[in-house]
Amino acid sequence: YSIEWGHLIHEIMADISTKSDIDLVLSHRIEKKIITQEIARKIKGEIDSIINNKQISHLFSPHLKSFSEYNILCANGEVLRPDRVVIHSKDFASLIDYKTGEERVTHYNQMKKYESVLFKMGYKTIDKYLIYLTKSDVIKL
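These notes cover the structure that comes with them. (Residues numbered from 1 in each chain as written. Predicted model: local features only at pLDDT ≥ 70, side-chain atom pairs only at ≥ 80, totals over all residues. Heavy atoms only, no water.)

## Remarks on the pattern of salt bridges
All told, the structure shown has 11 salt bridges when counted by the stated rule. Here R81 and E69 are joined by a salt bridge, their closest N and O atoms 3.6 Å apart. One end of the pair, R81, is in the loop between β3 (79-80) and β4 (84-87); the other, E69, is in the loop between β1 (65-68) and β2 (72-73), with 12 residues separating them in the sequence. Using a relative accessible area of 43% as the deciding quantity, one classes R81 as partly exposed. For K128, the salt bridge identified is with E115, shortest N-O distance 2.9 Å. Of this pair, K128 sits in strand β6 (residues 125-132) while E115 sits in helix α4 (residues 105-120), and the two are 13 residues apart along the sequence. A relative accessible area of 10% means that K128 is categorised as buried. Since its relative accessible area comes to 16%, E115 is described here as buried. A cluster of three or more residues bridged by salt bridges with shared partners is formed by E11, D15 and R29. (Salt bridge = Lys/Arg side-chain N within 4 Å of Asp/Glu carboxyl O. Helix = DSSP H or I, 4+ residues; strand = E, 2+ residues; numbered from the N terminus. Buried < 20%, exposed > 50% of the residue type's maximum accessible area, 1.4 Å probe, protein only.)

Here it is as structure tokens:
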């Protein structure tokens, strides 16, 4: 798969909060002629395999509050933008970052940075997941 394919899926994942959003998000892109019906079917298959992964399927539940591509302003003025933050309770959150291409050390460092900001915001437990879209791999850190 090309990096462009991964970016397209990444963009679509940003609009998906729960499993029930998938068809709506895809049909919206078909209507706007961003993707074809055939490409939507392929993307749906890939997104289903990611969202239905046992490690993360619970993070797309409708009763959880989630934020996609949400800016977090740090004390030092830096702005971080994790792909998805899921709030379980006032003490517990999950971080998801979608990646295209190969696994890199910088991905782990980025997740540590996101985690430290959430700790400063008062979360005591933070689950972290890197999702490699072009391979449908889920890595829990």
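Right, picking up where we left off after that structure.
## Things to note about the environment of T18
Position of T18 relative to the elements: it lies in the loop between α1 (3-14) and α2 (22-31). Residue class for T18 comes out buried when judged on its relative accessible area of 12%. A sequence separation of 49 residues divides T18 from F67, and the C-alpha atoms of the two residues are 11 Å apart. With near-sequence residues (within four places) excluded, T18 lies in contact with F60, S61 and P62. Here the side chain of T18 touches S20 through a polar contact of 2.9 Å, side chain to side chain. (Contact = heavy atoms within 4.5 Å. Polar contact = N/O pair within 3.5 Å; in protein donor to acceptor, adjacent residues only side chain to side chain.)

## A closer look at the nonpolar core
Core analysis: the largest hydrophobic core is formed by 26 residues, its most contacted members being M13, I43 and I47. Those residues in contact with M13 that sit more than four places away from it in its chain are I47, I50, I51, F60, Y98 and L133. Counting residues in each nonpolar core, the second largest holds 15 residues, with C74, V85, L118 and Y132 among its members. (Core = buried A, V, L, I, M, F, W, Y, C linked by side-chain atoms within 4.5 Å.)

## Overview of the packing of α2 against helix α3 (residues 37-51)
Relative to each other, α2 and α3 sit at 155°, their axes nearing to 10 Å. It follows from the interaxial angle that α2 and α3 lie roughly antiparallel. Classified by chirality, the crossing of α3 by α2 is right-handed. Mapping the contact onto sequence places I22, D23, L26 and I30 in α2 and Q37, A40, I43, K44, I47, D48 and I51 in α3. A class-by-class count of the residues in the contact of α2 with α3 yields 7 nonpolar, 1 polar and 3 charged. (Axes fitted to C-alpha atoms, helices over the stretch in contact; angles between N-to-C directions. Parallel < 35°, antiparallel > 145°, perpendicular 65-115°, else oblique. Left-handed = near helix turned anticlockwise from the far one by under 90°. Nonpolar A, V, L, I, M, F, W, Y, C, P; charged D, E, K, R; others polar.)

## What about α3?
The end-to-end C-alpha distance of α3, which contains 15 residues, comes to 20 Å, matching closely the 21 Å that a straight helix rising 1.5 Å per residue would cover. If you check which residues of α3 are buried, you get A40, I43, E46, I47, I50 and I51. Axial view of α3: buried residues confined to an arc of 130°, hence all on one face. The outward face of α3, more than 90 degrees from its buried face, is lined by the exposed residues R41 and K42. (Expected span 1.5 Å × (residues − 1). Arc of directions from axis to C-beta.)

## Thoughts on the side chain of E115
Looking at E115, its side chain comes within polar contact range of the side chain of K128, at 2.9 Å. Ignoring any residue separated from it by four or fewer positions in sequence, one finds E115 in contact with L95, I126 and K128.

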